[in-house]
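Each chain, letter by letter, is given below.
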Amino acid sequence: MAEKGVKVFGMWASPMVIRVEWALRLKGVEYEYVDEDLANKSADLLRYNPVTKKVPVLVHDGKPIAESTIIVEYIDEAWKGGYPIMPADPYERARARFWARFAEEKCNAALYPIFTTTGEAQRKAVHEAQQCLKTLETALEGKKFFGGDAVGYLDIVVGWYAHWLPVVEEVIGASIVTDEELPLMKAWFDRFLAVDVVKAALPDRDRLVAANKARREQLLSA
Amino acid sequence: MASDDAAAVRVVGGWASPFVMRVCVALRLKGVAYEFLQEEPGKKSELLLASNPVHKQIPVLLHGGRPVCESLVILQYVDEAFSGARPRILPVDPYDRAVHRFWAEYADAKLPTALRTLRGMIDGDKAAAAEQVAAALAQLEEAFTACSKGQHFFAGDDIGFLDIVLGSYVGWFRAAERITAQTVLDEMRTPRLAAWAARFCGHESVRDVMPDAGRLVEFGEALRAALAANANAQRM
C-alpha cells in the first residue's frame, strides 16, 4: 500500500466536515483537502465511502473512515501524543459523548425546521430549538468551553453553531441564540470563534449567507 | 466484590429491550456484578426520570450513583471504567475502533424503526421495512467478512462492541419472523450472519439475557395494549 498521508473529502459549507478539520488542526496534522461537488461526487469519494457516500471522509495512509464524530475520536486516538481532544476520565468521556449525541439527534433536528418555515410556524420552531439548546447549555455551566479550560470533543462537535447559527439568523431575519435566552452559549460562541485553529478553517461568511439564502428560497418554494 | 456504594453498579432497564441487553452483556463480559432494576412497562420510575431527565429512557447505568445514558455511550464507558478487566469490548487499534463504531451506528440507524414496524409496534409499510432490514443485513454480512477475518465474531475469537450492538437485535429478528411469518436473518441470503447469530446467542455472557422470541411477541402485544391505554409508555 503506497498511499501515505492524510486526506479529507469534504464540502466547503458542511458543518460536519469542519469538525474533522478542527480536530486535525488541533493535533497539528497536515492534510490534503478535497472539495466535493455533492451533486456530482468524485469516483474517489464513492470508492472510499460506498455505504453512505457522504462527506466527510478521512483517508489515513489509504484507509478510509466515515462519520464526522467517529473520525474525530479516531484522530484523537491515532495521534495520541498530541492535543487531548477527549477528556481523560471515563465518566467525563461518557458525558461528552452523551451531549454530542444529544446535539446531533435533538438540537440539529430542532434547528432544521427554522430554516424551512416562516411566520408563526417559524416562531414555534425557534422556541423549540431554543429549549433544546438550553438543555445543551447546562453542559457549559462554570466552564470556559464544553471541554473545560480548553476546547475539547464536544466543542468540536457543536462548535459549528457559533459560525452557522448567526448566518441562519441573518437569512431568516430572526434571533435564536440571544443574551436573554442563551447567555452561556452566546458567550461561548465568542470564545470559541477566537481560537486560532477554529478561525483558520471557517468558511467565508458572506459566501455562506448567500448559499443559505439561496437554499432557503429553494426550500420555501418547493 | 464488597458492597461498597462507591463501586455499586445498577442497571435501570427492561428485559425486552435490545438497548438494555447490550449493557447487561457488556457487564457480564467484564465480570462486573450489577443490580438490575426492571422498569414497569408503560410506566417510568422516579429513579429513571431522575437519572435520565433529558431522554427519560432506558437503559441507564448507575455507577456509584452516577448515571450514564445511551447504550453505545454506556458500552464504551463500561470498557473504559473497567479497563483492567478482559476481554476488551472495543478493539485496541484506532482504525478497527472507527470501523466497529461506524457499523454500530449504521445498525442503529437502519434497524430499530424498521423492526418496530415489522413487529407491529408502530404503523408503517411492512414490505418497505422488510426490504430495509434485508438491505442492511446484506451490508452487515459483508462487514462481518471484513471485520472477523475468518474468526467467530466481529471482534475476533470473542464477542466485542459490534457483536453486542448487532447481536442485541437477534431477539427482535426472531420476534419479527414469528409475527410476519417471513425470515429476517436468512441462512441463504446472509449465511455468515446467521451462523454468527447462533454463536452469539450461545455465548455465556448472552445466554441468560437474550429474550425468548415467543415472550417478546407476547410482550409486544401487551405493550401495544398498554400504549393504547396510556400515551406515556416508554420506548421499547
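Since the model is a prediction, treat every value here as computed from it, not as a measurement.

Criteria and thresholds
Residues numbered from 1 in each chain as written. Chains lettered and ligands numbered in written order. Predicted model: local features only at pLDDT ≥ 70, side-chain atom pairs only at ≥ 80, totals over all residues. Heavy atoms only, no water. Pairing = 2+ DSSP bridges. Helix = DSSP H or I, 4+ residues; strand = E, 2+ residues; numbered from the N terminus. Axes fitted to C-alpha atoms, helices over the stretch in contact; angles between N-to-C directions. Contact = heavy atoms within 4.5 Å. UniProt positions renumbered as here; feature names shortened; annotations may be inferred. Domains from an automatic or database assignment. Buried area = accessible area lost by both parts, 1.4 Å probe. Salt bridge = Lys/Arg side-chain N within 4 Å of Asp/Glu carboxyl O. Phe/Tyr/Trp six-rings, centres within 6.5 Å; stacked < 30°, edge-to-face > 60°. Buried < 20%, exposed > 50% of the residue type's maximum accessible area, 1.4 Å probe, protein only. Lys NZ or Arg CZ within 6 Å of the ring centre and 35° of its normal. Polar contact = N/O pair within 3.5 Å; in protein donor to acceptor, adjacent residues only side chain to side chain. Parallel < 35°, antiparallel > 145°, perpendicular 65-115°, else oblique. Left-handed = near helix turned anticlockwise from the far one by under 90°. Nonpolar A, V, L, I, M, F, W, Y, C, P; charged D, E, K, R; others polar.

All right, on to the sheet that holds strand β2 (residues 35-38) of chain B then. Residue and element names in this part refer to chain B. As summarised here, the arrangement of the 4 strands in space is β2-β1-β3-β4, forming an open sheet in which the pairing is mixed. Sheet topology places β2 and β4 (66-69) at the edges, where each strand pairs with a single neighbour. Taking each pair of neighbouring strands and ignoring which way they run, the sheet shows an average axis angle of 20°. By the bridge criterion, 4 bridges tie strand β1 (residues 9-13) to β2 in an arrangement that is parallel. Of the residues in β2, the one forming a bridge with V11 is F36. Docked against the sheet, helix α1 (residues 18-30) engages β1, β2 and β3 (60-63), running at close to 160° with respect to β1.

So, about the UniProt feature "domain: GST N-terminal" (unreviewed entry) in chain A. As recorded in UniProt, the sites labelled "domain: GST N-terminal" (unreviewed entry) are residues 4-83 of chain A. Annotation note: span residues 4-83 of chain A, helix share 38%, strand share 21%, distance between end C-alpha atoms 22 Å.

Our next topic: the domain arrangement of chain B. Residue and element names in this part refer to chain B. According to the domain assignment, chain B consists of domain 1 (9-82) and domain 2 (94-216). Of note, the centres of domain 1 and domain 2, computed from C-alpha atoms alone, are 21 Å apart. The partner domain 2 presents 25 residues to the 16 residues of domain 1 that form the contact. With both chains or domains summed, domain 1 and domain 2 bury close to 1,800 Å², and 69% of this area falls on carbon and sulfur atoms. Broken down residue by residue, the surface that domain 1 buries against domain 2 is led by W15, M21 and R22, which jointly contribute 33%. Our count for the contact surface shared by domain 1 and domain 2 stands at 2 salt bridges. Among the salt bridges present, the one from D108 reaches R22, with a minimum N-O distance of 2.7 Å.

Residues and elements named next belong to chain A. The strand order across the open sheet built from 4 strands is β2-β1-β3-β4, with neighbouring strands paired in mixed fashion. In this open sheet, the two edge strands, each paired with only one partner strand, are β2 (32-35) and β4 (63-66). Across this sheet, the average inter-strand angle for adjacent strands is 20°, counted without regard to direction. Direction of pairing for strand β1 (residues 6-10) relative to strand β3 (residues 57-60): antiparallel, over a ladder of 4 bridges. The partner of V6 across the bridge, within β3, is H60. Strands β1, β2 and β3 of the sheet are contacted by helix α1 (residues 15-27), whose axis makes an angle of about 155° with β1.

Our next topic: the packing of aromatic side chains. This structure, assessed with the given rule, holds 22 aromatic pairs over all chains. Ring centres of A:F146 and A:W188 lie 4.9 Å apart, and the angle between their planes is 80°; on these two criteria the pair is classed as edge-to-face. Of this pair, A:F146 sits in the loop between α5 (119-137) and α6 (153-158) while A:W188 sits in helix α8 (residues 183-193), and the two are 42 residues apart along the sequence. Side by side, A:F146 and A:W188 carry an identical accessibility label, which is buried. Chaining the aromatic ring pairs together yields one cluster made of A:W22, A:F146, A:W188, A:F189 and A:F192. Between B:R119 and the ring centre of B:W172, over which it is positioned, the NZ or CZ distance is 4.2 Å. Taking NZ or CZ as reference, B:R215 lies 4.0 Å from the ring centre of B:W15, over its face.

Another aspect to go through is the side chain of A:N108. Residues and elements named next belong to chain A. Along the chain, the position of N108 falls in helix α4 (residues 90-116). Among the residues examined, N108 registers a relative accessible area of 15% and is labelled buried. In contact with N108, not counting residues within four places along its chain, are M16, R19, A103, W160 and Y161.

Here the focus is the domain arrangement of chain A. All names here are of chain A. By domain assignment, chain A separates into domain 1 (6-78) and domain 2 (90-221). Using C-alpha coordinates to define each centre, domain 1 is positioned 21 Å away from domain 2. Taken together, the contact pairs 15 residues of domain 1 with 20 residues of domain 2. Both faces combined, the contact of domain 1 with domain 2 buries some 1,700 Å², and carbon together with sulfur accounts for 70% of it. Counting the surface domain 1 buries against domain 2, the share from its top three residues, W12, R19 and W22, is 42%.

This part covers the UniProt feature "domain: GST C-terminal" (unreviewed entry) in chain B. This chain's UniProt record puts "domain: GST C-terminal" (unreviewed entry) on residues 93-219 of chain B. Secondary structure over residues 93-219 of chain B splits into 66% helix and 0% strand, and the C-alpha atoms at its two ends are 40 Å apart.

Residues and elements named next belong to chain B. By the element assignment, D79 lies in helix α3 (residues 71-81). Overall, the relative accessible area of 10% leaves D79 in the buried class. A distance of 3.0 Å separates the side chain of D79 from the backbone nitrogen of L90, its partner in a polar contact. Excluding anything up to four places from it in sequence, D79 contacts K30, R88, I89 and L90.

As a further point, take the pairing of β1(A). Residues and elements named next belong to chain A. A large share of β1 lies buried, amounting to 5 of its 5 residues. Across 4 bridges, the pairing between β1 and β2 is parallel. Note that in β2 the partner of F9 across the bridge is V34.

Bringing the pattern of salt bridges into the picture now. Scanning the model with the defined rule gives 23 salt bridges over all chains in all. Here A:R101 ties to B:E70 by a salt bridge, and the two come within 3.8 Å at their closest N and O atoms. Pair noted here: A:R101 is in helix α4 and B:E70 is in the loop between β4 and α3, and the two residues belong to different chains. Take A:R101 and B:E70: they sit in the same class, and that class is buried.

This brings us to the packing of α4(A) against α5(A). Residues and elements named next belong to chain A. Where α4 contacts α5, the axes come no closer than 8 Å and their chain directions differ by 165°. Relative to α5, the element α4 is oriented roughly antiparallel. α5 is crossed by α4, and the crossing has left-handed handedness. Residue-level contacts link W99, F102, A103, K106, C107, A110, L111, P113 and I114 of α4 to Q122, A125, V126, E128, A129, C132, L133, T135 and L136 of α5. Partitioning the contact of α4 with α5 into residue classes produces 14 nonpolar, 2 polar and 2 charged.

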